[in-house]
Amino acid sequence: MADLLWDDVKSFFDPDLMGALPDVVVPGTSVEDWQAVLDLVERSGWSCRYSEGAAELPVPRAEAALSRPAVAERAEHRVRPAEVLAIFRFHSAEEIDFDVDLRELQGQGRLDVLCDFLTAIGRRLGKPVLMCGEGEAPGHLVLGFDVGRDRVELLTEPLVADGAEAEAGRGGPVYLPLSQGEASAEASRRP
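Residues numbered from 1 in each chain as written. Predicted model: local features only at pLDDT ≥ 70, side-chain atom pairs only at ≥ 80, totals over all residues. Heavy atoms only, no water.

### A look at the nonpolar core
Generally speaking, soluble globular proteins have nonpolar side chains that are buried together. Core analysis: the biggest nonpolar cluster contains 46 residues, and Phe13, Phe88, Phe98, Ile121 and Leu143 have the highest contact counts within it. Here this core gets eight residues from one element, more than from any other, and that element is helix 5 (residues 108-125). For Ile121, the residues in contact, after removing those within four places along its chain, are Val26, Val37, Leu40, Phe88, Phe98 and Val129. (Core = buried A, V, L, I, M, F, W, Y, C linked by side-chain atoms within 4.5 Å. Buried < 20%, exposed > 50% of the residue type's maximum accessible area, 1.4 Å probe, protein only. Helix = DSSP H or I, 4+ residues; strand = E, 2+ residues; numbered from the N terminus. Contact = heavy atoms within 4.5 Å.)

### Regarding the pairing of strand 4 (residues 75-80)
With six bridges connecting them, strand 2 (residues 47-52) and strand 4 associate as antiparallel partners. Directly across from Glu52, in strand 4, lies its bridge partner Ala75. Two strands pair when backbone bridges link them, and strand 4 and strand 5 (residues 86-92) are joined in this way by four bridges, in the antiparallel orientation. Bridging from a neighbouring strand, Val79 pairs with Ala86 of strand 5. Hairpin remark: strand 4 followed by strand 5, antiparallel, with five residues in the connecting loop; positive phi at Ala82, about 60°. (Pairing = 2+ DSSP bridges.)

### Notes on the sheet that holds strand 8 (residues 141-146)
The antiparallel open sheet is built from nine strands, whose spatial order is 3-2-4-5-6-1-7-8-9. Either end of the sheet is taken by a strand with one partner, and the two such strands are strand 3 (55-57) and strand 9 (151-154). The mean inter-strand angle of the sheet, taken between neighbouring strand axes irrespective of direction, is 25°. As defined by bridge partners, strand 2 adjoins strand 3 across three bridges and the pair is classed as antiparallel. The partner of Glu52 across the bridge, within strand 3, is Ala55. Contacts between helix 3 (residues 31-44) and the sheet are confined to strand 2, strand 4, strand 5 and strand 6 (95-100), with strand 5 contributing the most and set at about 160° to the helix. (Axes fitted to C-alpha atoms, helices over the stretch in contact; angles between N-to-C directions.)

### Regarding the packing of aromatic side chains
All chains considered together, the criterion is met by eight aromatic pairs. Summarising the aromatic geometry, the rings of Trp6 and Phe13 are spaced 5.6 Å apart at their centres and angled 40° between planes, so their arrangement reads as tilted. Here the two residues Trp6 and Phe13 agree in accessibility, since each one is buried. The rings of Trp34, Trp46, Tyr50, Phe88, Phe90, Phe98 and Phe117 are connected pair by pair, giving a single aromatic cluster. (Phe/Tyr/Trp six-rings, centres within 6.5 Å; stacked < 30°, edge-to-face > 60°.)

Here's what the structure looks like:
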């Protein structure tokens with residue numbers, strides 16, 4: 001069975017509430033962890049493209065990508081597990097960060113691809129992989145791969161727009177964190 005059900009989490013995939021490119025992070029990483037992710041992408045056969053500015057280049061070793069000067073062209077590694085886009089950016093060895101494109105993440109099938117992708121990274125590194133709204137990292141976490149439970153789980157209640165402001169088109173998301181009891185109940189609901 002799927003880690004998450006689309007009907008339960010579709011508000012987290014609404015670009016108007018979350019931003020089109022929500023942040024996904026793996027905290028507490030190293031250059032070796034970055035290299036493990038690059039190796040995972042290569043071994044998995046996922047379509048990918050590395051670029052520095054407008055120049056498409058072969059994927060470098062993680063150490064080289066992370067040690068580029070701050071004034072250098074921006075480095076991106078675009079990875080496509082199936083029809084889902086993940087954009088890795090090499091900001092820091094201490095945190096692997098990437099965005100996913102919510103415009104492509106609609107429906108149960110694409111959600112399953114994302115969950116499989118987060119799980120593959122989390123299992124390979126033995127670390128949590130956490131998602132929050134665009135520009136909110138490490139703020140309001142909404143879902144993530146839990147290493148101990150070996151699955152992707154909700155970390156908060158689904159989003160709702162903020163009342164009257166939402167009706168006027170100005171509402172931001174309202175986050176309702178899961179209590180320990182609710183999180184346990186939610187986890188036990190799914191096999």
